[in-house]
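# Inside the fold
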Amino acid sequence: MNTMLYSELQDKRVKLKEKIPLKTPFGLFIEPTNWCNFKCIFCPRNCEDFSLYAGGFQHLQQELSLKIINDIKKFPDKIKTVRLYYTGEPLLYPDFCSLLKNIVQADITDRIEITTNGSLLTKEISKQILNIAQDYSGTIYLRFSIYSVEQKRHSFITKSNFSIDCIRNNISLFQHIRNKENIKNVITYAKMLNTFTRENEKFLSIYQKIVDETALEEPMNWSGFGDKNLLDSTYTHNQITQLSLLHMPKACSYPFDTMAIMSDGAVISCCVDWSRQTYIGDVKTESLRDIWNGEKLKELRKLHLLGLREKNKACKNCRRLPCHEEDDLNGISVSVLDKPNI
């Protein structure tokens, strides 16, 4: 098994413009739950109308999760990455380990990504995840979102009572069990948003000792829906201005290689579209393959290729991080959308 660090996956990317239209999406988000035990100040969950757009708060129904897995099997190719997270904390999902086991046994993806805040990663759950991994032919990437390594700031950002020591100890114990059991196909990755302060160094110093890889990520204002600026509470005007000047491609790659399934079955095209403005179908009543090849997604792709993404409310002010070079779709004609991909 050729297991790579999370950062090394970038080296294996293909040029998207040479592959579209894809018969099978490269990536698929499955949201186990949109409940969370943190209430981070820069998260869209803090918006008063979040529940309205999210269709209320709920866990993914087990019957629906089985249909999703069965639908994935019907794609011509194996999904490259299944990501078990979205707007909620996945380990709050009561059936999380069962969902993970079902995906592993179905052999529908080359790798699985789990992003968690680490607060609920008990010894028991750690052992279950690692036991499941031993039956998996691919790689599981366990990504930890660290919000601060200073208790006062952590409490301010997350609006929670969890201690930073508890989170660090949970992650350290997971790594210890993994190493003791000599499980090679689980890779750990801890990330924190760039604070533009010396806390960055403190984070790296602590977490480089207990995970496989660490990273500082640039802040991102989700899809920037409406007039909401989710970064105001954490970053200065100058910092936000610099982020807003980052180059944005004319055409986003997400409509061409990714889908996201929300916990109520709604399917959207974008992994940062919390307001569901890129809605393309409902897996409760449609197959994933039909949604992938459907008219709603085709129209969204057309908007992007024509340089008209501002016509979609979520895409209009989106300031997500710039796409990778391999995802650049500039210069691609809309005629590519008429090529058969089934």
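In this report, we go over the structure that sits alongside the text. Since the model is a prediction, treat every value here as computed from it, not as a measurement. (Residues numbered from 1 in each chain as written. Predicted model: local features only at pLDDT ≥ 70, side-chain atom pairs only at ≥ 80, totals over all residues. Heavy atoms only, no water.)

### Focus on the packing of aromatic side chains
The description of an aromatic ring pair rests on the distance of the ring centres and on the angle between the ring planes. Defined as follows: Stacked, tilted and edge-to-face are the three classes assigned to paired rings of Phe, Tyr and Trp, where Trp is represented by its six-membered ring and a pair needs centres within 6.5 Å; plane angles under 30 degrees give stacked, over 60 edge-to-face, the rest tilted. Under the DSSP-based scheme used, a helix requires at least four consecutive residues in state H or I and a strand at least two consecutive residues in state E, with every element numbered from the N terminus. Using a 1.4 Å probe on the protein chains alone, a residue whose accessible area is under 20% of its type maximum counts as buried, one over 50% counts as exposed, and one in between counts as partly exposed. Think of it as a cone above the ring: NZ of Lys or CZ of Arg counts as a charge over the ring if it is within 6 Å of the ring centre and within 35 degrees of the ring normal.
Applying the stated criterion across every chain, the model contains 11 aromatic pairs. Pairing F29 with Y86 gives two aromatic rings, centres 6.1 Å apart and planes at 85°, and the pair type is edge-to-face. Linking F29 in strand 1 (residues 27-30) with Y86 in the loop between strand 2 (79-83) and helix 3 (96-106), this pair joins segments that are 57 residues apart in sequence. For F29, a relative accessible area of 6% puts it in the buried group. For R301, the ring lying beneath its charged end belongs to W292, and the centroid distance is 4.5 Å.

### What to know about the nonpolar core
Here is the rule we go by: Side-chain atoms within 4.5 Å are what join buried Ala, Val, Leu, Ile, Met, Phe, Trp, Tyr and Cys residues into a set we call a nonpolar core. Contacts were defined at the residue level, with two residues in contact if any of their heavy atoms lie within 4.5 Å.
In this structure, L100, I146 and L288 are the most contacted members of the largest nonpolar core, which totals 75 residues. Among the elements that line this core, the one with the most residues is helix 3, at 7 residues. Not counting chain neighbours up to four residues away, the residues in contact with I146 comprise I167, I171, A190, K191, M192, L193, F203 and Y207. Within the second largest apolar cluster, 13 residues are counted, among which are A260, I268, C270 and V272.

### Some thoughts on the pattern of salt bridges
Pairing is possible between side chains of opposite charge, provided their charged atoms come close. What counts here: Note on definitions: salt bridges are taken to be side-chain nitrogens of Lys or Arg within 4 Å of carboxyl oxygens of Asp or Glu.
For the structure shown, the criterion picks out 12 salt bridges. The shortest N-O distance in the salt bridge between R13 and D327 comes to 2.5 Å. One end of the pair, R13, is in the segment before strand 1; the other, D327, is in the segment after helix 12 (313-316), and 314 residues separate them in sequence. Residue class for D327 comes out buried when judged on its relative accessible area of 5%.

### So, a nonpolar patch on the surface
Heads up, the condition is: Patch construction takes residues with relative accessible area above 30% that form no salt bridge. Like charges are linked within 9 Å, and nonpolar side chains (Val, Leu, Ile, Met, Phe, Trp, Tyr) are linked within 5 Å. The Shrake-Rupley method, run with a 1.4 Å probe, gives the accessible areas here. Residue values count only the displayed protein chains as cover.
A cluster of nonpolar side chains, W35, F57 and L92, forms an exposed patch at the surface whose accessible area comes to about 250 Å². One can find F57 in the loop between helix 1 (50-54) and helix 2 (62-73).

### Let's talk about the environment of Y279
Cut-off, in case you're wondering: Definition of a polar contact: a pair of N or O atoms within 3.5 Å, with one able to donate and the other able to accept a hydrogen when the atoms are protein atoms, and with sequence-neighbouring residues admitted only if both atoms are side-chain atoms.
Relative to the helices and strands, Y279 is located in strand 9 (residues 279-282). Residues Y279 and M259 lie 20 residues apart in sequence; the distance between their C-alpha atoms is 9.9 Å. Excluding its chain neighbours within four sequence positions, the residues that come into contact with Y279 are A266, V267, I268 and K296. Engagement of the side chain of Y279 in a polar contact is seen with the backbone oxygen of G281, the distance being 3.4 Å.

### Brief notes about the sheet that holds strand 4 (residues 139-146)
This is how it is decided: Strands qualify as paired when DSSP identifies two bridges or more between them. Every angle, taken between N-to-C directions, lies between 0 and 180 degrees, and every axis is a line fitted to C-alpha atoms, over only the stretch in contact when it is a helix.
A sheet is described by the order of its strands in space; here 9 strands give the open sequence 6-5-4-3-2-1-7-8-9, paired in mixed fashion. Each having just a single partner strand, strand 6 (213-217) and strand 9 make up the two edges of the open sheet. Each strand of the sheet is rotated relative to its neighbour by a mean of 25°, with strand direction disregarded. Bridging between strand 4 and strand 5 (residues 186-193) involves 7 bridges; their strand directions are parallel. In the sheet register, L142 faces strand 5, and the bridge partner there is T188. Packing against the sheet, helix 3 makes contact with strand 1, strand 2, strand 3 (109-116) and strand 4, and its axis sits at approximately 165° to strand 3.

### Some remarks on the state of the cysteines
To be explicit about the condition: We call a pair of cysteine sulfur atoms a disulfide whenever their separation is within 2.5 Å.
Tallying each qualifying case throughout the model produces 0 disulfides. Here C36 is not disulfide-linked; the sulfur of C40 is the nearest cysteine sulfur, at 6.3 Å. Note on C36: relative accessible area 21%, which makes it partly exposed. Here C315 stays unpaired: no disulfide links it, and the sulfur of C270, its closest cysteine neighbor, is 6.4 Å away. On the basis of relative accessibility, which here comes to 11%, the residue C315 falls in the buried class.

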